[in-house]
Amino acid sequence: QDAVLKIHQFLPAPAPVPKNFIVPWAEKVKEESGGRIDYEFYPSMQLGGAPPALYDQVRDGVADVIWTLPGYTPGRFPGTEAFELPFMPTNAEATSQAAWDYYEKYLQDEFEDVKVIAVHTHGPGLIHAKGDGVESLEDLQGMKLRGPTRMVNKMLESLGATPVGMPVPAVPESLSKGVIDGTVIPWEVTAPLKVAELVDSHTSFSGDRGFYTSFFIFAMNKDTYDALPDDLKKVIDDNSGRETSKWVGRVMDEGDAPGLKIATERGNKMIVLDEAETARWKEAAQPVIDGWIAEMNEKGMDGQAMYDDAKAMIEQYSSN
Amino acid sequence: MDRLEIALVSIPVLLGMIFVRVPIGLAMLLCGIGGTVLVTGRWVPIMASLKSLTYDVISNHSLSIVPLFLLMGQFATKGGMSESLFRAAAAFLGHRRGGVAMAGIGACAGFGAICGSSLATAATMAQVALPEMRRYGYSGALSTGSLAAGGTLGILIPPSIVLVIYAILAEQNIVKMFIAAIIPGIMAAVGFMLVVAVYVRVNPASAETRERVDFRGRVRAVVDVWPVALIFLLVIGGIYVGWFTPTEAAAVGAAGTGILALRSGELDWKGLKDCLLATAVSTAMIYFIVFGAQVYNTFLAFAQLPQTSAEWVAASGFSPWMVLVLILVAYLLFGCVMDSLSMILLTVPIFFPLIMTLDFGMSPEETAIWFGILVLVTVELGLVTPPVGMNIFIINSLAPDIPLTETYRGVVPFLIAEIIRIALLAAIPAIILFLPRMMQ
Amino acid sequence: MSMPTASDQMHEPGLSPELESRIGRIVGAVAAFLAVAGGLLLLFLVAMTVISITGRAFVGVFHFAPLNRLGPVPGDFEMVSAGCAVAVCAFLPWCQYRRGHVTVDVFITPLSGRWKAVLSLVGNVLMTVAAVLIAWRMQLGLADKLSYNETTMILEMPVWYGYAGAVVGLWVFALTSLYTVWRSINEIAAGREGP
Ligand code: NA
Ligand code: NA
């Protein structure tokens, strides 16, 4: 045996990505290496720390492989936020492949401390709300919504909602008690958090673009990778890249199905905003995009090009 | 040594350090660091981890309930709320045989409803109730024993800091844990009063009776106590109906008791400083243990002890109930020498995953709530078990004329009642789960 | 630490006990000052949270300016987290100075005061080592946060603010622990433990 990879991440083991991607990925690597790369799986932050610490843990060698959201550490990976801008994503499988291409073009510097295995997004996020539901921009005014990342909270604010920041575990409790009126998340997360049981309506949008998504990274410690003999490096390389990113994206898309099913079976109100209304939302959210581009320009990056490229890359994989 | 052996050896090393009076949090921290280095064979993982781990623990939002509830308890103590509680309870119970002791227990329950700590409850109520019991000729054993037991209501009745820590460790809903503790807490209060009633029948010389308070006196006493009731309703009721999250509720409670203390005139700059300094000591003490436990648990995870012990139990063929009884007995034994919070922090990461792999015929969430309350009541018993029972020490230090052995003797009947209660709660999970089920 | 002077050795045994008690008063005052400051920070968080809850309750109640702008304090959760982190570290020196950490004393009750003081010395030396280690590592963490411009989610407040506040408390904690080592040495010499 040449290596035992300590894999660390924040979700419980039965969640879709750990169950259908991370562990199968590790098994695949084990098999293709003839058992020479084994692994130990540590779900639910068992090796200590809060989820935002995961990136440093893999950089510093506390763990060998991690899965996390760069958005947990706002300001540190600004380039990834292109994918978190309003109305960027299509399905996760296509968007994740685009994310890989975008990573290769723009994010190598941001992630230079680690060996990136895959980058991906979740499926399109939507609004899950109590009460009559969000059928127009007006319904959103003053609504207390919980958003997951810096960009999403900015978007909610610019749309007129009151963003409420809180840790994810507090969401079900706060929903059931009316501390918040709703939350934005993809279907995939609604099942484990039992969100469908706590809200009355789900709002999605017309057209091929989803409301928002979040950017994820699956990465390996550089020293761990460098210490492998060449044939084992190749096993890791073979299991990295666009195809691997596509795989996680597909798992995310498949993970959406049970959440949607539960909500449908409960008879929750399914709202799809028509094209005219969707266009109003896009217009209202435009300042967030402009603001991000300006921010990137200030940092000496070409914000407009990054935004346009991300959009075009998503388009390319979505049209196939 | 393989890593499992390292983990197993670490336990006697840890206990050894604790028993020669190394602070518990420090012992866990050092064993955790040393163990992780041995298990991983490198300094890097733990050293790199420590760059952010400390901050991650101290900035944990759920944990910030702890200093806020501690502050709330300090203000409640300062504001003289203990006195009005005791007067109200005594107005209704005082004339019975053993009634002053019963009133002390009732007032402890009331104070426990606005204070998250057992020691604070015991100490505060003792200052009010002890002189009264002595005046009516209560024996040293009965007066100190009943208050030491009554003090445990501070953590049995929500809010409860020990329960907060359990909920964080076991990733359970704090609100449901609080709600689940209500019925067992009331059972404890009633049980303690019954013990007093029996005790004074068996030993009639141990207490004199007090004159009955008339109706007007009772009304006045109840009116006096309304702010306390209001704060309890605001804090626990507010969480329950959803005005705020538990952390926010703790802030509301601290603000409420703070205003009452201000109104009582006790909260001048010096009084405020006293409250803040006392909060500082308890908060730092608790966070340091939490932090040490975090590091020690990281080491146990690296050593894969929780998984291995679960596999071992599964292979041993013990029935789930057998495992539960063994764990509770272990808590009882450890409770004789350790304090409750340290015990929870030390053991829940090992025992909780183990319990969750066993089938008690309940949903995982219900099992987690039920086990949490059982752990709570069992470790709480450790506060009143000789030789090391923090409540015993506190109460006894407030009654210098009563020898420690007499207090030890005084708590024994209460211990018996408690063991019966634990057996009931374990055998009939519905007692604990009734209220949380109503929340669905 | 200065060498014991002749006058010290004439009065009491130990390592400059008079100087130690003078330094001890300064250490205690600094620790108490930090603890009260941390406590006031806690009070600020209490007030902010109550205001935030009140504001949140009035979202959408009024439809005219300026009351239609009522809402929760932005980033209230983030302020509570960071504020508590700083407060806890400000509390640690006082807890150490006041011998506030939880210990199990039952097995050492038969020991003489001198031997108890020896055990305290061991505990305080270990505490000093741990405190220096924690402070040092967190300072490296602070450097990380500084260089990465990491911010909080809603307020976009730099994360290093919280780290910086906490690190100050931790270094004072380390110094306080070092002082308690000195105090323990003198208690061994005196053959009894302090209060
Ligand atoms: Na309580
Ligand atoms: Na005990």
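Note that the coordinates shown come from a computational prediction; the quantities given were computed from them, not determined experimentally.

So, the pattern of salt bridges
1) Next: Applying the stated criterion across every chain, the model contains 39 salt bridges over all chains.
2) Next: One salt bridge connects Arg150 of chain A with Glu81 of chain A, and the closest N-O pair in it is separated by 2.8 Å. Taken together, the positions of Arg150 of chain A in helix α5 (residues 150-159) and Glu81 of chain A in the loop between β3 (65-68) and α3 (92-107) put the pair 69 residues apart, joining distant regions of the chain. Grouping residues by exposure puts Arg150 of chain A and Glu81 of chain A together as buried.
3) Next: By sharing partners, the salt bridges in this structure join Asp56, Arg59, Asp60 and Arg76 of chain A, Lys51 of chain B together with Asp144, Lys145 and Glu150 of chain C into a single network.

Examining the coordination of the sodium ion (ligand 1)
All names here are of chain B.
1) Next: Gly112 (O), Cys115 (O), Gly154 (O), Ile157 (O) and Pro159 (O) make up the full set of protein donors to the sodium ion (ligand 1), lying at 2.2 to 2.4 Å.
2) Next: For the sodium ion (ligand 1), the donor residues sit on a single chain with the sequence spacing G-x2-C-x38-G-x2-I-x1-P. Here Gly112, found in helix α6 (residues 99-112), pairs with Pro159, found in the loop between α9 (153-156) and α10 (161-169); they are 47 residues apart in sequence, far enough to count as distant. No difference in accessibility class separates Gly112 from Pro159, as the two residues are buried.

A word on the interface of chain C and chain A
1) Next: Contacts between the two partners involve 14 residues from chain C, matched on the other side by 21 residues from chain A.
2) Next: Carbon and sulfur atoms make up 56% of the area that chain C and chain A hide from each other, which totals about 1,500 Å².
3) Next: For the pair chain C and chain A, the number of links is 4 salt bridges.
4) Next: Linking Arg76 of chain A and Glu150 of chain C is a salt bridge whose minimum nitrogen-to-oxygen distance equals 3.5 Å.

Quick word on the packing of aromatic side chains
1) Next: Under the defined criterion, the tally for this structure stands at 37 aromatic pairs over all chains.
2) Next: Members of the aromatic cluster, joined through ring pairs, are Tyr55, Phe77, Trp100, Tyr103 and Phe111 of chain A.
3) Next: The ring of Tyr225 of chain A is capped by Lys233 of chain A, whose NZ or CZ atom sits 6.0 Å from the centre of that ring.
4) Next: The residue whose ring lies beneath Arg183 of chain C is Tyr97 of chain C, and the NZ or CZ to ring-centre distance is 5.4 Å.

Some points on the pairing of strand β10 (residues 215-221) of chain A
Every other side chain in a regular strand lies on the same face of the sheet, so the side chains alternate between the two faces.
All names here are of chain A.
1) Next: Of all 7 residues in β10, 7 are buried, a share of seventy percent or more.
2) Next: Here β3 runs beside β10; their pairing, made up of 4 bridges, is antiparallel. Considered in β10, the bridge of Thr68 is made with Ile217.

A look at the domain arrangement of chain B
All names here are of chain B.
1) Next: Each assigned domain of chain B is listed with its residue range as follows: domain 1 (1-59 + 285-303) and domain 2 (60-267 + 304-439).
2) Next: For domain 1 and domain 2, the distance between their C-alpha centres works out to 30 Å.
3) Next: Contact residues are listed per partner, giving 25 residues for domain 1 and 23 residues for domain 2.
4) Next: When the two sides are added together, the surface that domain 1 and domain 2 hide from each other amounts to roughly 1,800 Å², 76% of it contributed by carbon and sulfur.
5) Next: The largest contributions to the domain 1 side of the interface with domain 2 come from Ile286, Tyr287 and Leu300, which together make up 26% of the buried area.
6) Next: Counting across the domain 1 and domain 2 interface gives 0 salt bridges.
7) Next: Taken together, domain 1 and domain 2 are joined by 10 residue pairs in polar contact (both at pLDDT 80 or more).
8) Next: Elements that contribute at least two residues to the side of domain 1 that touches domain 2 include exactly α1 (3-19), α2 (24-40), α3 (44-58) and α15 (269-302).
9) Next: The element best represented in the side of domain 1 that touches domain 2 is α15, accounting for 10 residues.
10) Next: Per-class residue counts for the side of domain 1 that touches domain 2 are 21 nonpolar, 2 polar and 2 charged.

Details of the UniProt feature "domain: TRAP C4-dicarboxylate transport system permease DctM subunit" (unreviewed entry) in chain B
1) Next: According to UniProt, the feature "domain: TRAP C4-dicarboxylate transport system permease DctM subunit" (unreviewed entry) maps to residues 13-431 of chain B in the numbering used here.
2) Next: What you have in residues 13-431 of chain B is 78% helix and 0% strand, and the ends, taken at the C-alpha atoms, are 39 Å apart.

Brief notes about the sheet that holds strand β6 (residues 144-146) of chain A
Residues and elements named next belong to chain A.
1) Next: Strand order in this open sheet of 6 strands is β7-β6-β8-β5-β9-β11, and the pairing throughout is mixed. For this open sheet the edge positions go to β7 (162-163) and β11 (269-273), each flanked by a neighbour on one side alone.
2) Next: Pairing of strand β5 (residues 126-129) with strand β8 (residues 182-185), which is carried by 4 bridges, proceeds in the antiparallel orientation. Looking at β8, one finds that His128 is bridged to Thr183.

Rules of the game
- Residues numbered from 1 in each chain as written.
- Chains lettered and ligands numbered in written order.
- Predicted model: local features only at pLDDT ≥ 70, side-chain atom pairs only at ≥ 80, totals over all residues.
- Heavy atoms only, no water.
- Salt bridge = Lys/Arg side-chain N within 4 Å of Asp/Glu carboxyl O.
- Helix = DSSP H or I, 4+ residues; strand = E, 2+ residues; numbered from the N terminus.
- Buried < 20%, exposed > 50% of the residue type's maximum accessible area, 1.4 Å probe, protein only.
- Donors = N, O, S within 2.8 Å, 3.2 Å for Na, K, Ca; no water.
- Contact = heavy atoms within 4.5 Å.
- Buried area = accessible area lost by both parts, 1.4 Å probe.
- Phe/Tyr/Trp six-rings, centres within 6.5 Å; stacked < 30°, edge-to-face > 60°.
- Lys NZ or Arg CZ within 6 Å of the ring centre and 35° of its normal.
- Pairing = 2+ DSSP bridges.
- Domains from an automatic or database assignment.
- Polar contact = N/O pair within 3.5 Å; in protein donor to acceptor, adjacent residues only side chain to side chain.
- Nonpolar A, V, L, I, M, F, W, Y, C, P; charged D, E, K, R; others polar.
- UniProt positions renumbered as here; feature names shortened; annotations may be inferred.

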